[in-house]
Amino acid sequence: MDEQPEAAAGRALDRRAELSEFLRSRRARLKPEDVGLPDFGRHRRVPGLRREELAQLAGVSVAYYTRLEQGNGRNVSAEVLDSIARALRLSDAEHAHLTHLAKPKAHKKRPAARQQQVRAALCQLLDTLDGVPAYVVGRRAEILAWNRMAAALFGDWGQLPAGDRNWARLVFLRPEYRELFVDWEQKAIDIVCALRMDAGCFPDDPRLSALVGELSVKSEEFRRLWATHDVKEKSHGVKRLHHPLVGDLSLRFETFRVAGDPDQGLITYHAEPQSASAESLRLLASWGTDATRAVPSV
């Protein structure tokens, strides 16, 4: 029976359950023909590969794999995890997530509950990026620092309580962001995938658990996406926006990991030179604080 979201809000993330559900979800998406196994037309009670088929592909016993899928990653070797990752055809991000879940002691533990701080020099750099919307995002999709152009493009986050400066809360709980992002669904997927990666690295983070619980209660769409157990890292790409002042923009974004704190990322947006989007950014820059005030209140 599926757990009610109200119950999920009151408990911490369970690493064993996360490992079990992640492996099951990855196994369910594969078909025998996907991995070169015959499918003799046999009736399958559940979608995807059977445990014995996955174990065969990974070169481990069915009993061993079953224990792992039940959340018991104790003493599992990196070589076995590599074999299972190959059998499941995991991406690099999924492979890393599996390793974090199965062997948390293999990674240096960092305090997750402590508030992240942005170096003063990095804040100064943000201010010098004239005409370039830029911000720093941390764990749990928290927005830690931003420049004037980011406020003009996305809304004045300075008017929000610190706890609400969070991409997950903005995208899932504030309707104006559905209008801002042309492909809102993809933005929502990206956020959930990033939170899943955080959950693998910091399963004991109480603030992350609280955030997941809150969103699970308040957003059916978040619950649906969270249940997929998808993880990925998206460090660059294109975002299409519909801004209330300048209309449609197509902007490229780049993510740069911050030296000294790899859990922080500097995100920048830019337009193709001589494009309509580039002209729109110039207009936003020229309007300055007036553009920020014109963005629907966040």
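Up top is the structure.
Not measured: the values here are computed from a predicted model.

*Asks:* Report on the overall build of the protein chain, specifying residues and quantitative values.
*Replies:* When helices and strands are tallied, the protein chain shows 15 helices and five strands. Counting every atom, the protein chain has about 15300 Å² of accessible surface; 51% of that belongs to carbon and sulfur.

*Asks:* Describe the sheet that holds strand 1 (residues 134–137), and please don't skip the residues or the numbers.
*Replies:* With antiparallel pairing, the five strands of this open sheet are ordered in space as 2-1-5-4-3. Edge strands, defined here as strands with exactly one partner in the open sheet, are strand 2 (143–146) and strand 3 (236–243). For this sheet, the mean inter-axis angle between neighbouring strands, taken without regard to orientation, is 30°. Relative to strand 5 (residues 261–270), strand 1 is paired through four bridges, and the arrangement is antiparallel. Paired with valine 136 across the two strands is leucine 266, which belongs to strand 5.

*Asks:* Provide a residue-level description of a nonpolar patch on the surface, including the pertinent values.
*Replies:* A surface patch of nonpolar side chains, about 240 Å² in accessible area, is lined by Leu245, Leu283 and Trp287. Structurally, the position occupied by tryptophan 287 is in helix 14 (residues 276–287). Residue classification places tryptophan 287 among the partly exposed positions, given a relative accessible area of 36%.

*Asks:* Go over the nonpolar core, please, and point to the residues and values.
*Replies:* Note that soluble globular proteins tend to have their nonpolar side chains buried in a common cluster. Phe154, Trp157, Trp167, Phe172 and Leu195 are the most contacted members of the largest nonpolar core, which totals 43 residues. Looking at which element gives the most residues to this core, the answer is helix 11 (residues 184–201), with six residues.

*Asks:* Let's hear about the packing of helix 3 (residues 51–58) against helix 5 (residues 78–88): which residues, and what values?
*Replies:* Their axes nearest at 8 Å, the elements helix 3 and helix 5 cross at an angle of 120°. Judged by the angle between their axes, helix 3 and helix 5 are oblique. When the axes of helix 3 and helix 5 are compared, the crossing they make is right-handed. In contact with Leu54, Leu57 and Ala58 of helix 3, helix 5 contributes Ser83, Ile84, Ala87 and Leu88. Residues belonging to the contact of helix 3 with helix 5 are distributed by class as follows: six nonpolar, one polar and no charged.

Rules of the game
Residues numbered from 1 in each chain as written. Predicted model: local features only at pLDDT ≥ 70, side-chain atom pairs only at ≥ 80, totals over all residues. Heavy atoms only, no water. Helix = DSSP H or I, 4+ residues; strand = E, 2+ residues; numbered from the N terminus. Areas by Shrake-Rupley, 256 points an atom, 1.4 Å probe, with all protein chains shown as cover. Pairing = 2+ DSSP bridges. Axes fitted to C-alpha atoms, helices over the stretch in contact; angles between N-to-C directions. Patch = residues over 30% accessible without salt bridge, like charges linked within 9 Å, V, L, I, M, F, W, Y side chains within 5 Å. Salt bridge = Lys/Arg side-chain N within 4 Å of Asp/Glu carboxyl O. Buried < 20%, exposed > 50% of the residue type's maximum accessible area, 1.4 Å probe, protein only. Core = buried A, V, L, I, M, F, W, Y, C linked by side-chain atoms within 4.5 Å. Parallel < 35°, antiparallel > 145°, perpendicular 65-115°, else oblique. Left-handed = near helix turned anticlockwise from the far one by under 90°. Contact = heavy atoms within 4.5 Å. Nonpolar A, V, L, I, M, F, W, Y, C, P; charged D, E, K, R; others polar.

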